[in-house]
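# Summary of the model geometry
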Amino acid sequence: MMRADELVESIEALRRGDIEAWIDENLIVPREEGGELFFSAMECARVRLICTLRYELDIEAETLSVVLSLLDQLYQTRQRLLSLTAAVAAQDKSVQASVLAAIMRGAASDE
Amino acid sequence: MKEDMKDPYETLGIARSASEKDIKEAFKRLARTCHPDLHPGDKTAEEKFKAISTANDLLKDKETRRRFDAGEIDASGAERPRGQFYRDFAEGAAYGSHAAQDGFASNEELEEFLARAFAGGAQRPRRPHRARGQDVNYVLRVGFLDVVNGGEHTITLPGGKMLQVKIPEGAEDRQMLRLEGQGMPGFGGGPAGDAYVELYAEPDSYFRRKDDNIHVEVPITLREAVLGARIEVPTISGAVTMTIPAGSNTGKTLRLREKGVRNPKTGQRGHQLITLKVVLPTGDEPELAAFLKAWQPNSPDDPRKEMLK
């Protein structure tokens, strides 16, 4: 857990005003306790990512929410895909082979 | 300069005379292609991004760039710890729980499975490179005897290519055979993938397999049952003659030693287990009927006595 001022201290490009703005846009959701904001390790990593997008890759402030929403969807989809993959990988070899074969047939008919 | 520290100008692909704007542009361009959070499936992204970040950190600061150019510091001077990436968390939960629940060593196994399924389509390399060909999967339906006895089969693939499949003796239903190098051709001189052939054994009308043993029900006539006989019975490797002892009832099991399936590991054959089934003559047998009418059994047991107690 990190307080907002510690976070601002730890990331060179980050300004205090960014945090308020990103909370308003619902890009980050820190925990609030006694009027103080607390960031989990995951939330800190998310703030670092937003800083990279905004200040190193020069993504416009208005475009940030679009990019993040797409990224969030990408991660959610990957999580589901990995869950599905884990479920398939836990099946018998014959079931795995059938699933793989079906995927390949699908991929082949797409081309 | 440390050997693994590459020249930061080279890392960013810029000239030593590059302006501040050039440096920023070069970093931006490279960061888009390898930021780990923007390339969650690419295991090499983190390494690449660290390298360009270190180079960028060193060169974007006028003072450290001047000192590096003057030879006062080396490229490692700009290295600074970076926090964890967002992707480590965004997928950490999914990976962690699966690793624990399903006994996977790592997410690599899952990524590998995905790569096999989609042949790495999600991260198609931009430049041609040497890569192993894709593995392919086929299903081969064969008769029961072809699976237990083994043999050669040919699969004709959609493209007209023929694939020779050698089924080992003692193979099993749903067994996966790997044919090395019979998959899709490799790229850029890489080796071909493997073909995986899954066997589906069609059930046999008479033989049933249980591990290495073969079970079969053999009908016998009333005369053979009462008097005993030498009869011919089928086995998976051809008919053999065996003795039915006198007084063999329906349900009696006889064993033919080592007439079962050869175990591919031990080389030992299982047994064939024969269950007898007494069948009555199908046509009219007035003599038999007349005999039975007059017949007084020595042991007049009621076979249903136990059921009706």
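Details of the structure are given in the entry above.
Residues numbered from 1 in each chain as written. Chains lettered and ligands numbered in written order. Predicted model: local features only at pLDDT ≥ 70, side-chain atom pairs only at ≥ 80, totals over all residues.

## A few points about the pairing of strand β9 (residues 238-244) of chain B
Residues and elements named next belong to chain B.
- Of the strand pairs in this sheet, strand β8 (residues 229-235) and β9 are connected by seven bridges, and their pairing is antiparallel. Across the sheet, the residue bridging to Glu232 is Thr241, located in β9.
- Hairpin connection between β8 and β9: a loop of two residues separates the two successive antiparallel strands. (Pairing = 2+ DSSP bridges. Helix = DSSP H or I, 4+ residues; strand = E, 2+ residues; numbered from the N terminus.)

## Focus on the sheet that holds strand β6 (residues 208-210) of chain B
All names here are of chain B.
- On the basis of which strands lie adjacent, the open sheet formed by four strands has the order β6-β7-β11-β10 and mixed pairing. Each end of this open sheet is capped by a strand with a single partner; those strands are β6 and β10 (253-256). Averaged over neighbouring strand pairs, the angle between their axes works out to 35 degrees when direction is ignored.
- Pairing of β10 with strand β11 (residues 272-279), which is carried by four bridges, proceeds in the antiparallel orientation. Directly across from Leu256, in β11, lies its bridge partner Gln272. (Axes fitted to C-alpha atoms, helices over the stretch in contact; angles between N-to-C directions.)

## What to know about the interface of chain B and chain A
- Each partner contributes residues to the interface: chain B has 32 residues there, and chain A has 29 residues.
- For the side of chain B that touches chain A, the secondary-structure elements that each account for two or more residues are α2 (20-34), α5 (86-90), α6 (92-102), α7 (107-118) and β5 (195-201) of chain B.
- It is α7(B) that provides the largest number of residues to the side of chain B that touches chain A, a total of seven residues.
- Among the residues forming the side of chain B that touches chain A, the class breakdown is 17 nonpolar, five polar and 10 charged. (Contact = placed C-beta atoms within 7 Å. Nonpolar A, V, L, I, M, F, W, Y, C, P; charged D, E, K, R; others polar.)

## Describing the nonpolar core
Residue and element names in this part refer to chain B.
- Core analysis: the largest hydrophobic core is formed by 14 residues, its most contacted members being Leu12, Phe27 and Ile52.
- Among the elements of the structure, α1 (8-12), α2 and α3 (45-60) are those that each provide at least two residues to this core.
- It is α3 that contributes the most residues to this core, six residues altogether. (Core = buried A, V, L, I, M, F, W, Y, C linked by C-beta atoms within 7 Å. Buried ≥ 20, exposed ≤ 12 C-beta atoms within 10 Å, placed from the backbone.)

## Observations concerning the packing of α2(B) against α3(B)
All names here are of chain B.
- Look at α2 against α3: their axes get within 10 Å of each other, and the N-to-C directions meet at 165 degrees. Relative to α3, the element α2 lies roughly antiparallel. Note that α2 runs across α3; the crossing there is left-handed. Residues Ile23, Lys24, Phe27, Leu30, Ala31 and Cys34 of α2 touch α3, and the partners they reach there are Ala45, Lys48, Phe49, Ile52, Asn56, Leu59 and Lys60.
- In terms of residue class, the contact of α2 with α3 is made up of nine nonpolar, one polar and three charged. (Parallel < 35°, antiparallel > 145°, perpendicular 65-115°, else oblique. Left-handed = near helix turned anticlockwise from the far one by under 90°.)

Bear in mind that shape data such as this cannot, by itself, settle questions of function.
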